[in-house]
Amino acid sequence: MRDATRCVQAPAIDADGFASLTVPVQRASTITFPDAPSFARRHERGHDGYTYGLYGTPTTRALEAQIAMLEGAAGVALTPSGQAAVTTTMLALLKPGDHLLIPDSVYPPVRAFADGFLAALGVRTTYYDPLIGAGITAFIEAATRLVWVESPGSGTFEVQDVPAIVAAAHARGLLVACDNSWATPLLFRPLAAGADLSILAVTKYLSGHSDLLMGSIAAPDKALLHRVKDTTRILGLGVSPDDCSLALRGLQTLAVRLRHVGAAAIDLALWLERQRDVERVLHPALPGCPGHPVWERDFKGASGVFAVVLAPAVTPRLDAALGRLDIFRIGASWGGTHSLIAPMDVSGQRTVVPWTERGPLLRLSIGLEDPEDLKADLARFLAALTSD
Ligand SMILES: *Cc1c(COP(=O)(O)O)cnc(C)c1O
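In the nomenclature of an unreviewed UniProt entry, the chain corresponds to Cystathionine beta-lyase from the organism Chelatococcus albus. Turning to the chain, the UniProt record has this under Catalytic activity (unreviewed entry): "L,L-cystathionine + H2O = L-homocysteine + pyruvate + NH4(+)". The chain has a UniProt comment under Cofactor (unreviewed entry) that states "pyridoxal 5'-phosphate".

K.L.:
I would appreciate a short explanation of the packing of helix α4 (residues 82–93) against helix α8 (residues 222–235) in the present structure.
P.N.:
When two helices pack together, you describe them by how their axes are tilted relative to each other and by the distance separating the axes. Packing of α4 against α8 brings their axes to within 9 Å, and their N-to-C directions diverge by 110°. With respect to α8, the element α4 is oriented roughly perpendicular. Listed contacts from α8 to Thr88, Leu91, Ala92 and Leu93 of α4 are Leu224, Arg227, Val228, Thr231, Thr232 and Leu235. Across the contact of α4 with α8, the residue classes break down as six nonpolar, three polar and one charged.

K.L.:
Looking at this model, I keep getting lost on the site of the ligand. Mind explaining?
P.N.:
Around the ligand, the neighbouring residues are Ser81, Gly82, Gln83, Tyr107, Glu150, Asp179, Ser181, Ala201, Thr203, Lys204, Leu213 and Trp334. Gln83 is positioned with one of its backbone polar atoms (N or O) 2.8 Å from an oxygen atom of the ligand. The side chain of Asp179 places a nitrogen or oxygen atom 2.6 Å from a nitrogen atom of the ligand. Starting from 380 Å² of accessible surface for the ligand in isolation, the protein chains cover 91%.

K.L.:
Help me out: how do you make sense of unusual backbone geometry in this one?
P.N.:
Among all residues except glycine, the phi angle is most often negative; among peptide bonds, the trans geometry is most common. Note that the residue after Ser151, namely Pro152, is joined by a cis bond; omega there is -5°. On the secondary structure map, Pro152 appears in the loop between β4 (144–150) and α6 (162–171). Positive phi is not limited to glycine here, since Phe157 has a value of about 65°. Tracing the sequence through the fold places Phe157 in the loop between β4 and α6. At Asp277, a position not held by glycine, the phi torsion is positive, near 75°. Inspection of the secondary structure assignment puts Asp277 in the loop between α10 (254–273) and β8 (278–282). A relative accessible area of 17% places Asp277 in the buried class.

Criteria and thresholds
Residues numbered from 1 in each chain as written. Predicted model: local features only at pLDDT ≥ 70, side-chain atom pairs only at ≥ 80, totals over all residues. Heavy atoms only, no water. UniProt positions renumbered as here; feature names shortened; annotations may be inferred. Axes fitted to C-alpha atoms, helices over the stretch in contact; angles between N-to-C directions. Helix = DSSP H or I, 4+ residues; strand = E, 2+ residues; numbered from the N terminus. Parallel < 35°, antiparallel > 145°, perpendicular 65-115°, else oblique. Contact = heavy atoms within 4.5 Å. Nonpolar A, V, L, I, M, F, W, Y, C, P; charged D, E, K, R; others polar. Near = heavy atom within 4 Å. Polar contact = N/O pair within 3.5 Å; in protein donor to acceptor, adjacent residues only side chain to side chain. Areas by Shrake-Rupley, 256 points an atom, 1.4 Å probe, with all protein chains shown as cover. Buried < 20%, exposed > 50% of the residue type's maximum accessible area, 1.4 Å probe, protein only.

Printed below as a string of structure tokens:
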């Protein structure tokens, strides 16, 4: 063997005794086969086997299995973002002529996908009041195939009665998919509540460090999961084993992170409720949040994302006051170690229940900083809303 050939041969090494606690990062596009017949029969390896890097490596499988365990699912499909998890689920389950129900408080890019892309494919969408519960029955048509739920809602945190919606949908033979990114399966299990699919933006709490984008789709039914996996394959959607490795690392601290941010967020939310210029605090754990009794009944705890509505009079000073924050950073996404704040404009994204608040709406994601430092930062911000 000459040098050029040696350069591309991986030497055999002895891994005996290497009992590490970590999941190895296994990268691949090509998967090799021992002989031509097994290559020809590679499709017999099924959804969980290894045939091509796009369809997964052992690192991908480890993350799928860990999320499936937490969700109580038969399996999980991973996607390159949370948004891709939503759109892939919809593309897998809907065809021209079908009708879809989506809550008015849905993650805004989902509305854009339904109104633009799905409408062009001949899939119709009706938006419904997220607090409708069993009243969803009135919106079900002969062509309705899928009921989407997202609880609590994006930006405005309405908690949905998932068991009531599931009962009404299943009575008419419909599928229910739940975007559970806020709670994660540690605080609410959509599949245990009867949903057919549970969607997570792994980007948020599961990975937890603001350094990767990923989504997951979990289903208790293998046939349904395979429909979703076939769609990710046909669309060419894969995830990087390196990102899976980061997500697996993030997952290890999920329970402690959630416990910390949940408690800190409730503490800050209660404090904010008492501050001048704060008109409303929208956190599912607070009685003032729409759907709070459902949260109390169905959720095991709170996560760290919530919103505040400020007095309309402070609007002209808002941008300058946000500039006074030292610890909270301004930016999209949430669920990481750093606390974030983001002014939201939801009025254009509500077509069923008009958003009538006139004051600014701010979304806060509480991170792992000391809550007293966060309170002092918010106090500086609130003071700057009124002083010169
Ligand atoms: C952020 C988010 C998504 C999308 O996740 P990305 O990974 O950012 O695409 C989907 N649903 C909800 C509820 C989200 O908050």
